[in-house]
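One-letter residues, chain by chain:
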Amino acid sequence: MAIRERMSGNEAIAEAMRQVDPDVMGAFPITPSTEIPEYFSEFMANGEVSTQFVPVESEHSAMSVCIGASAAGARAVTATSSCGLAYMWELLYVAASSRLPITMVVSNRALTGPISIGNDHSDSMGARDSGWMQIYAEDNQEVYDNFLQAILITEATRLPIMVCQDGFITSHGVSNIQLIEDEKVKEFVGEYEPEQYLLNHDRPLAVGPYGTAPYYMEVKRQQAQAMKDSMPVILEVAEKFRQMTGRSYGFFEEYMMEDAEVAVVVIGSSAGTGKEAVNRLRAEGRKVGLIKLRVFRPFPRIPLAEAMCRVRAVAVMDKAESFSNSGGPLFNESRSALYDLPGRPYAINYIYGLGGRDITVDDFYEIYRDLFIIADTNDPGDVYRYIGVRDSRYEEGGFDHRSEE
Amino acid sequence: MAYSLKRELEKPERLAGGHRLCAGCGAGIAVRGVLRALDEGDRAVVGNATGCLEVSSFIYPNTAYYDSYIHSAFENAGATMAGVEAAYNVLKKKGKVQDTYKFITFGGDGGTYDIGLQSLSGAMERGHDMVYVCYDNEAYMNTGIQRSSSTPQFANATTSPAGSVIPGKPQNKKNLTEIMAAHNIPYAAQTTFLNDFRDLHEKAHKAIYTEGPCFLNVLAPCPRGWRYEAEDLAEICRLAVDTCVWPLYEIEAGEWRLTYEPRRKLPVEEFLSKQGRFRHMFRKGSEWMILKTQEYVDEQWEKLLQKCE
């Protein structure tokens, strides 16, 4: 029987970590992920885990400890946010290219400039090309479930993995959750038995070579292949998880997409707000749908494009700016994925929710309204837009097609 | 059993020949010397900060190390080895690892005095059972002889060139060994290559077999940066010690002890004049630089003697 509880995303993660009982955790506090090592330290203090907790002096060292531990043959975990993740940046590439399975929770928070503790995805999106897998969650149940699956995914693919949740919204918001019994979790994740590791009696190992031009590119190609090959692994682990819990996961969730004419693609907790807008619009007879992307790395290019192709216009939502002058990262990859498909929909981008800015059901109403206008007029206007922002140049909105009308 | 270099050299090598360090480089000698201090049969994981040593000893697909080895980045050799050590503790407890392992990590002065100081300090403070060895060649040699906080005053480096207005590096060398001692770690020592390597060997053995975090600072000259002939390496080390530019001492459980006292303390010129990086100090009108260096060395030596009383 599942255990019914009420807890925050951070507490749920700490609980999952207690159940997994990893070998090594290296962590440094940063809002809003701080509670994870705090809760975990309590478990340590009370002898509930056998983990070696390494309370490092920085996130840079947290990732370095995980790299050393994972290379040595240990199951290694950490948690961070925002500037902490940015500080790890160099080591993210080291971990990924050394093919070290490491599970890192990211309680997503804006990057500094100006300093903000509010939620957005600029931290993990900034690390999107580092060779780490990335899985996002809508709520505390999903982040708990994703963490447990991540352990198996990272060990099967030997690609490190980020388990992302929205800072404060999910990390601190308390809601109902179903926990899995300890024994079942332990059986699910099993023992970590690496093939090669530093402390292997029979075969010493050297990690982290100087890669000269005749070899470097092959390493990158192999990482890219591993990312490609991780697609079926994610689904296999999800199936194993469904058999244990009855809860189903894929690359993304389709909400009211069967007969939808327009749709929104969104990552994380804002999907909940979007779904509420979908419910209300459906009650008004409007055929709207929503796609919640769970797996961003690997990017599920083909299945996502096929799902988007069933509507006439789609709004891709980015909780991160990339200052590219052509929209956010999710938009660019999603729109690019559509290119080869016949009958592709119009695709526009909304940058939203930066630095903890709320997105409301009314905002989604506005987005769906815009999508219907685009579908009906066959005119997408400026595809790179903001929602929920003040801008002195316009009445509302940022780079907004409406001002050009 | 008394130390015998001959016997030590009969032990199986842990650093293979054929690595690509320069002739006359101190780094490889430091690594060989330290790893020789491991008891036969004991296993080690060798760590390394990015630097000359790393890019010359582990070029894919060849490694010069018989033991397991890990390099991760420039500034995190301390934390990376801390992770390995943490993994060992838990895996040993769980019965997944049977062997006894020692953890020894190497960094140059760039990776140790400067960019990696935080990571090193953290690892020492947390008490990991490991040895951090700095091979100190007093500048960023791998990138082409830029000044570091370990570069001594007046040395000519590519980011502190001896010009007509500024005569080499303006600042004095940071005293890292004392910074490490201030962490109250069980063992810290300064050494270099002298005579039969006994000093290096005994300190390395102590560092490896003292439980807890230990630190070795090994003066490891660089022929490219210091501008000396490869065959003069041993002579330069001896002069560094006999001029008291690089005193040999150790701090064991808080007790400071000189491990070598020069029979006759030589003037600093003898050390400086052998190296191209100090050449400008011997031009007419530069005498004040030598005087200032002598004053500084004397002052530091006196302070050290007081600590070792």
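Rules of the game
Residues numbered from 1 in each chain as written. Chains lettered and ligands numbered in written order. Predicted model: local features only at pLDDT ≥ 70, side-chain atom pairs only at ≥ 80, totals over all residues. Heavy atoms only, no water. Phe/Tyr/Trp six-rings, centres within 6.5 Å; stacked < 30°, edge-to-face > 60°. Helix = DSSP H or I, 4+ residues; strand = E, 2+ residues; numbered from the N terminus. Lys NZ or Arg CZ within 6 Å of the ring centre and 35° of its normal. Patch = residues over 30% accessible without salt bridge, like charges linked within 9 Å, V, L, I, M, F, W, Y side chains within 5 Å. Areas by Shrake-Rupley, 256 points an atom, 1.4 Å probe, with all protein chains shown as cover. Salt bridge = Lys/Arg side-chain N within 4 Å of Asp/Glu carboxyl O. Lys, Arg positive; Asp, Glu negative; His and termini not counted. Charge placed at Lys NZ, Arg CZ, Asp CG, Glu CD. Domains from an automatic or database assignment. Buried area = accessible area lost by both parts, 1.4 Å probe. Polar contact = N/O pair within 3.5 Å; in protein donor to acceptor, adjacent residues only side chain to side chain. Nonpolar A, V, L, I, M, F, W, Y, C, P; charged D, E, K, R; others polar. Pairing = 2+ DSSP bridges. Axes fitted to C-alpha atoms, helices over the stretch in contact; angles between N-to-C directions. Disulfide = S-S within 2.5 Å. Core = buried A, V, L, I, M, F, W, Y, C linked by side-chain atoms within 4.5 Å. Buried < 20%, exposed > 50% of the residue type's maximum accessible area, 1.4 Å probe, protein only. Contact = heavy atoms within 4.5 Å. 1 Å grid on protein atoms, 1.4 Å probe; cavity = no way out; pocket = protein on both sides within 12 Å on 5 of 7 lines; lining within 4 Å. Points joined across faces, edges and corners; volume = space filled by probe spheres on them.

Q: Just give me the short version of the packing of aromatic side chains, but keep the residues and values in it.
A: A full pass over the atoms with the stated rule returns 19 aromatic pairs over all chains. Considering the side-chain rings of A:Phe188 and A:Phe241, the 5.7 Å spacing of their centres and the 75° angle between planes classify their relative orientation as edge-to-face. In this pair, A:Phe188 is assigned in helix 8 (residues 182-189) and A:Phe241 in helix 9 (residues 213-245), connecting sequence segments 53 residues apart. Following the ring pairs from residue to residue traces out a cluster consisting of B:Trp226, B:Tyr228, B:Phe271 and B:Phe278. In this structure, B:Arg277 packs its charged tip against the face of B:Trp226, placed 3.8 Å from the ring centre.

Q: Go over a positive patch on the surface with me, naming the residues and quoting the values.
A: A cluster of like positive charges, contributed by B:Arg224, B:Arg227, B:Arg279 and B:Arg283, occupies part of the molecular surface. Secondary-structure assignment places B:Arg283 in the loop between helix 11 (268-272) and helix 12 (287-308).

Q: So what's going on with the domain arrangement of chain A? Which residues, and what values?
A: All names here are of chain A. The assigned domain composition of chain A is domain 1 (3-245) and domain 2 (252-404). Distance from the C-alpha centre of domain 1 to the C-alpha centre of domain 2: 29 Å. Summed over both partners, the interface of domain 1 with domain 2 comes to about 2000 Å²; 58% of that surface belongs to carbon and sulfur atoms. In terms of surface lost to domain 2, no three residues of domain 1 exceed Met-125, Arg-128 and Glu-138, which account for 28% of the buried area on that side. Linking domain 1 with domain 2 are five salt bridges, by the criterion used here. In this structure, Arg-297 engages Asp-129 in a salt bridge whose closest nitrogen and oxygen atoms are separated by 3.5 Å. Counting the contacts that link domain 1 with domain 2 gives 15 residue pairs in polar contact (both at pLDDT 80 or more). When residues of the side of domain 1 that touches domain 2 are traced back to their parent elements, those giving at least two are helix 6 (122-126), strand 6 (133-136), helix 7 (140-157) and helix 9. Split into classes, the residues belonging to the side of domain 1 that touches domain 2 amount to eleven nonpolar, ten polar and six charged.

Q: Which residues make up the sheet that holds strand 3 (residues 52-54) of chain A, and what values go with them?
A: Residues and elements named next belong to chain A. With mixed pairing, seven strands are arranged side by side in an open sheet as 3-2-4-5-7-6-13. Each edge of the open sheet is held by one strand with a lone partner, namely strand 3 and strand 13 (295-297). Ignoring which end each strand starts from, the neighbouring axes of this sheet average 20° apart. Sheet topology note: the strand 2 (residues 24-26)/strand 3 ladder contains three bridges and is parallel. Residue Met-25 lies in a different strand from strand 3, and its bridge partner there is Phe-53.

Q: An account of the state of the cysteines is needed here, citing residue identities and associated values.
A: Following the criterion strictly, the structure yields zero disulfides over all chains and no others. Counting only cysteine sulfurs, B:Cys244 is the nearest neighbor of B:Cys308, a cysteine outside any disulfide, at a range of 11 Å.

Q: Any chance you could break down the nonpolar core for me, citing the residues and the numbers?
A: Of all hydrophobic cores here, the largest spans 232 residues; its most connected members are A:Met63, A:Phe147, A:Leu148, A:Leu199 and A:Tyr368. No other element matches the ten residues that helix 4 (residues 77-93) of chain B contributes to this core. For this core, the two domains that each supply at least three residues are domain 1 (3-245) and domain 2 (252-404) of chain A. Discounting residues that sit within four places of it in the chain, A:Met63 has contacts with A:Thr78, A:Met88, A:Leu91, A:Leu92, A:Ala95, A:Ile102, A:Met104 and A:Trp132.

Q: Report on the environment of A:Met88, specifying residues and quantitative values.
A: Residue and element names in this part refer to chain A. Note on placement: Met-88 falls in the loop between helix 4 (82-87) and helix 5 (89-97). Met-88 sits 39 residues away from Ala-127 along the chain, and the two C-alpha atoms are 9.5 Å apart. Setting aside residues no more than four positions away along its own chain, Met-88 makes contact with Glu-59, Ala-62, Met-63, Thr-78, Thr-80 and Met-104.

Q: Please set out the layout of surface pockets residue by residue, giving values where relevant.
A: Of the voids in this model, the largest pocket is the one considered here, and its volume is about 1400 Å³. Lining the largest pocket we find 45 residues, and of these A:Ser97, A:Ser98, A:Gly208, A:Pro209 and A:Val219 sit closest to its centre. Among the elements of the structure, helix 3 (59-72), helix 5, strand 9 (206-207) and helix 9 of chain A together with helix 3 (52-57) and strand 3 (62-63) of chain B are those that each provide at least two residues to the lining of the largest pocket. It is helix 9 of chain A that provides the largest number of residues to the lining of the largest pocket, a total of seven residues. Looking at the lining of the largest pocket residue by residue, the classes come out as 22 nonpolar, 13 polar and ten charged. Considered as a void within the structure, the second largest pocket measures approximately 480 Å³ in volume. Those elements giving two or more residues to the lining of the second largest pocket turn out to be helix 9 and helix 11 (301-308) of chain A.

Q: Describe the pattern of salt bridges, listing the residues and the values that go with them.
A: By the definition in use, this model includes 42 salt bridges over all chains. With a closest N to O distance of 2.7 Å, A:Glu253 and A:Lys292 form a salt bridge. Taken together, the positions of A:Glu253 in strand 10 (residues 252-255) and A:Lys292 in strand 12 (residues 288-293) put the pair 39 residues apart, joining distant regions of the chain. Here B:Arg198 ties to B:Glu202 by a salt bridge, and the two come within 3.5 Å at their closest N and O atoms. A residue pair is termed a helical-turn pair when its members lie 3 or 4 positions apart in one helix, as B:Arg198 and B:Glu202 do in helix 8 (residues 198-209) at four residues. For B:Arg198, a relative accessible area of 36% translates into the label partly exposed. Its relative accessible area of 38% is what places B:Glu202 among the partly exposed residues. Among the charged side chains, a salt-bridge network with shared partners connects A:Glu138, A:Glu142, A:Glu253, A:Lys275 and A:Lys292.

Q: Describe unusual backbone geometry, listing the residues and the values that go with them.
A: With an omega dihedral of 0°, the bond running from A:Thr31 to A:Pro32 counts as a cis peptide bond. Looking at the secondary structure, you find A:Pro32 in the loop between strand 2 and helix 2 (35-45). Cis geometry is adopted by the peptide bond preceding A:Pro298, which originates at A:Arg297 and carries an omega value of 0°. Position of A:Pro298 relative to the elements: it lies in the loop between strand 13 and helix 11. A positive phi is found at A:Arg158, a non-glycine position, where the angle reads about 55°. Relative to the elements of secondary structure, A:Arg158 occurs in the loop between helix 7 and strand 7 (161-166). Residue classification places A:Arg158 among the partly exposed residues on the basis of a relative accessible area of 42%. A positive phi angle, near 75°, is found at B:Phe154, a position not held by glycine. Mapped onto the elements, B:Phe154 comes out in the loop between strand 6 (131-136) and helix 7 (176-181).

Q: Outline the interface of chain B and chain A, supporting the account with residue identities and numerical values.
A: Counting residues at the interface gives 43 residues for chain B and 40 residues for chain A. Taking both partners together, chain B and chain A bury about 3200 Å²; carbon and sulfur atoms supply 58% of that area. Of all residues in chain B, the largest losses of buried area upon contact with chain A belong to B:Tyr60, B:Lys96 and B:Arg126, amounting jointly to 16% of the total for that side. Applying the counting criterion to the chain B and chain A interface returns three salt bridges. Across the pair A:Glu57 and B:Arg126 runs a salt bridge, and its minimum N-O distance is 3.1 Å. The set of elements that each furnish at least two residues to the side of chain B that touches chain A consists of strand 1 (43-48), helix 3, strand 2 (58-59), strand 4 (68-71), helix 4, strand 5 (101-108) and helix 6 (117-126) of chain B. Looking at the side of chain B that touches chain A, the element that brings in the most residues is helix 4 of chain B, giving twelve residues. When grouped by side-chain class, the residues that make up the side of chain B that touches chain A number 22 nonpolar, twelve polar and nine charged.

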